[in-house]
Amino acid sequence: DAPDSAFGDPQELPFRHVYGVSPDGLRLTVAATDESIAEATRLARGDAFDEPEPGSYAVLVADAATQHLKLDDFAISADDHTLYYSVRSLEAAVPYPLRVSKRSGSEAWPVGVTLQACELKANGDYRPHPTAVSADGLTLFYVDSARGKTRAAFRASLDADFSWFSDLPGLAQAQPNAACDRLYYAPAMGNAGLLAAARK
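Right, let's walk through the structure included here. Here the structure is a predicted model, which means the values were calculated and not measured. Each chain has its residues counted from 1, running along the sequence as written. Owing to the predicted nature of the model, reporting of local features is limited to residues with pLDDT of at least 70; listing and counting of side-chain atom pairs is limited to 80 or more, with chain, interface and lining totals taken over all residues. For side-chain calculations, the full set of non-hydrogen atoms in the structure is used, while hydrogens and water are omitted.

### Here's the deal with the packing of aromatic side chains
Note the cut-off: Working definition: rings of Phe, Tyr and Trp (its six-membered ring) pair if their centres are within 6.5 Å, and the pair is stacked with planes under 30 degrees apart, edge-to-face with planes over 60 apart, and tilted otherwise. Secondary structure elements follow DSSP: runs of H or I of four or more residues count as helices, runs of E of two or more count as strands, with numbering from the N terminus. Exposure classes here rest on a 1.4 Å probe applied to the protein chains alone. A residue is buried below 20% of its type maximum, exposed above 50%, and partly exposed in between. The rule for a charge over a ring is simple: NZ of Lys or CZ of Arg within 6 Å of the ring centre, and within 35 degrees of the ring normal.
Applying the stated criterion to the full structure yields six aromatic pairs. Seen in terms of ring centroids, tyrosine 19 and phenylalanine 74 are 5.3 Å apart; in terms of plane orientation they differ by 80°. Their pairing is edge-to-face. One end of the pair, tyrosine 19, is in strand E1 (residues 17-21); the other, phenylalanine 74, is in strand E4 (residues 69-76), with 55 residues separating them in the sequence. For the ring pair phenylalanine 74 and tyrosine 85, a centre distance of 6.3 Å and an interplane angle of 15° mean the geometry is stacked. Taken together, the residues span a long stretch of sequence, with phenylalanine 74 in strand E4 and tyrosine 85 in strand E5 (residues 82-89) at a distance of 11 residues. With respect to burial, phenylalanine 74 and tyrosine 85 carry one shared label: buried. Sitting above the plane of the tryptophan 109 ring, arginine 103 keeps its charged end 3.8 Å from the centroid.

### Brief notes about the pattern of salt bridges
Formally: The salt bridge criterion pairs a side-chain nitrogen of Lys or Arg with a carboxyl oxygen of Asp or Glu, the two atoms within 4 Å.
Under the criterion given, the structure shown has 12 salt bridges. A salt bridge links glutamate 119 to arginine 147, with the nearest nitrogen and oxygen atoms 3.4 Å apart. Pair noted here: glutamate 119 is in the loop between strand E7 (113-114) and strand E8 (128-133) and arginine 147 is in the loop between strand E9 (139-144) and strand E10 (149-154), with a separation of 28 residues, a long-range link. Judged by its relative accessible area of 29%, glutamate 119 falls in the partly exposed class. A salt bridge links arginine 147 to aspartate 144; the nearest nitrogen and oxygen atoms lie 3.5 Å apart. Residue classification places arginine 147 among the partly exposed residues on the basis of a relative accessible area of 46%. Among the residues examined, aspartate 144 registers a relative accessible area of 8% and is labelled buried.

Structure (structure tokens):
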């Protein structure tokens, strides 16, 4: 009910895999029964989610089928206008698997542009997995599976490329809130569950 309140009891979701939730909490990115990417929606927080449909991912799903790609790892910006995701090829290696898709409204996500920073390059079957983006769009959180580390990519402006990269020791699956004053994460080691770090 409020940012300082404790979370309620968890609810089981009837989906094969949940990749993430939209900023308004009304859309879930999920894997459909055929393992394609889909979107489950609801009218209000607290309501049950409807059966998943392609929804905002219709264009991406159609392009992936044509290009023989598998979509994975979705991180949506706080303003719901930028989507980071990764692709895997069913036929050949993808040197730079991260892509960014931008939209101006609530239309379907267009096919993304490839991010070609050296630090974001795949290494065989290992690739970066985006987990979240900061509210100002200047920081991308991701898991570097080749190094087994959670990392952050920084840039100076929204028009600039990501050019500064840093490890985030002890963190896994880092996810900031919309205000970027609280960071949720799982410990990289141990079984302490989900943690939150707050700042003023």
